[in-house]
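A look at the structure
The primary structure of each chain is shown beneath.
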Amino acid sequence: MNYVALLKEKNLKVTPQRLTIVEELYVNGHMNIDQLYHSLKSKFPSVSLATIYKNINAMTDIFFLSEVKIPHQKSVYELTKEEHSHVVCTQCQTIMDIDLDISQVLSDAKQLSSYSLDESAIIFNGICPKCK
Ligand SMILES: [Zn+2]
Ligand SMILES: [Zn+2]
């Protein structure tokens with residue numbers, strides 16, 4: 001994947017730190033700020049947590065990255081892709097994407113609330129096969 005072109009297309013300056021964040025997320029799927037800090041620190045010893053936050057915010061602002069807010073846990077970040085749901089293991093905190101058809105849930109929610117809804121975040125907590 002050509003991240004450099006993607007970042008440029010979004011008018012975002014391409015810095016080595018930014019690229020590393022993107023690469024890490026591409027390889028690992030979902031990472032929280034501590035995990036990102038840890039892996040960047042090994043490459044850029046002088047990097048600060050504030051810098052990483054700044055980079056992540058810049059990239060979430062343009063929807064290049066998405067924040068996944070997990071109850072009782074730190075948010076994780078991922079490269080933005082099509083809307084999907086998540087399953088989280090309460091034992092080992094592993095988080096996985098699941099493609100769930102939520103169109104029926106969404107239309108029920110609209111009907112029951114009379115709201116116009118455009119965003120949803122569905123997260124299931126449970127125990128993964130490895131921890132079972
Ligand atoms: Zn687990
Ligand atoms: Zn995801």
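Computed from a predicted structure; not experimentally measured.

Rules and cut-offs
- Residues numbered from 1 in each chain as written.
- Chains lettered and ligands numbered in written order.
- Predicted model: local features only at pLDDT ≥ 70, side-chain atom pairs only at ≥ 80, totals over all residues.
- Heavy atoms only, no water.
- Pairing = 2+ DSSP bridges.
- Helix = DSSP H or I, 4+ residues; strand = E, 2+ residues; numbered from the N terminus.
- Contact = heavy atoms within 4.5 Å.
- Axes fitted to C-alpha atoms, helices over the stretch in contact; angles between N-to-C directions.
- Donors = N, O, S within 2.8 Å, 3.2 Å for Na, K, Ca; no water.
- Tetrahedral: all angles 85-135°; square planar, octahedral: opposite > 155°, others 65-115°.
- Buried < 20%, exposed > 50% of the residue type's maximum accessible area, 1.4 Å probe, protein only.
- Core = buried A, V, L, I, M, F, W, Y, C linked by side-chain atoms within 4.5 Å.

Our next topic: the sheet that holds strand E1 (residues 31-32). Taken in spatial order, the 3 strands of this open sheet run E1-E3-E2, and their pairing is antiparallel. Edge positions in the sheet fall to E1 and strand E2 (65-68), since each of these pairs with one other strand and no more. Where E2 meets strand E3 (residues 76-79), 4 bridges bridge the pair, whose relative direction is antiparallel. Bridging from a neighbouring strand, Glu67 pairs with Tyr77 of E3. Strand contacts of helix H2 (residues 16-28): E1, E2 and E3, with the helix running at about 90 degrees to E3, the strand carrying the most contacts. Each of E2 and E3 is contacted by helix H4 (residues 49-61), which is oriented at about 105 degrees to E2, the strand it contacts most.

Distances from the zinc ion (ligand 2) to its protein donors, His30 (NE2), Glu78 (OE), Glu78 (OE), His84 (NE2), His86 (NE2) and Asp97 (OD), fall at 2.0 to 2.8 Å. One way to put it: the 6 donor atoms around the zinc ion (ligand 2) meet at angles of 51 to 168 degrees, and that makes the site irregular. Each donor residue of the zinc ion (ligand 2) lies on the same chain, and together they follow the pattern H-x47-E-x5-H-x1-H-x10-D.

Around the zinc ion (ligand 1), the protein contributes the donor atoms Cys89 (SG), Cys92 (SG), Cys128 (SG) and Cys131 (SG), at 2.2 to 2.3 Å from the metal centre. What the 4 donor atoms of the zinc ion (ligand 1) show is an angle range of 104 to 115 degrees at the metal, which sorts the shape as tetrahedral. Binding-site remark: the zinc ion (ligand 1) is held by donors from one chain whose sequence spacing is C-x2-C-x35-C-x2-C. Separated by 36 residues along the polypeptide, Cys92 in the loop between strand E4 (85-89) and strand E5 (95-98) and Cys128 in the segment after strand E6 (123-126) bring together distant segments of the chain. Here Cys128 falls in the buried class, since its relative accessible area comes to 16%.

This paragraph deals with the sheet that holds E6. With mixed pairing, 3 strands are arranged side by side in an open sheet as E5-E4-E6. Lying at the two open borders of the sheet, with one neighbouring strand each, are E5 and E6. Going from strand to strand, the sheet's axes swing by 25 degrees on average, the running direction of each strand aside.

It is worth spelling out the side chain of Asn55 at this point. Structurally, Asn55 is set in helix H4. With a relative accessible area of 8%, Asn55 lands in the buried category. What Asn55 contacts, discounting residues up to four positions off in sequence, is Gln17, Arg18 and Ile21.

Quick look at the nonpolar core now. Counting 20 residues, the largest nonpolar core has Ile21, Leu25, Leu36, Ile52, Ile56, Met59 and Leu65 as the members making the most contacts within it. Per element, the largest residue contribution to this core is 4 residues, and it comes from H2. Contacts of Ile52, omitting those with residues within four sequence positions, involve Ile21, Ile33, Leu36, Tyr37, Leu40 and Val47. Val68, Val76, Val88 and Ile95 belong to the second largest nonpolar core, which has 5 residues in total.

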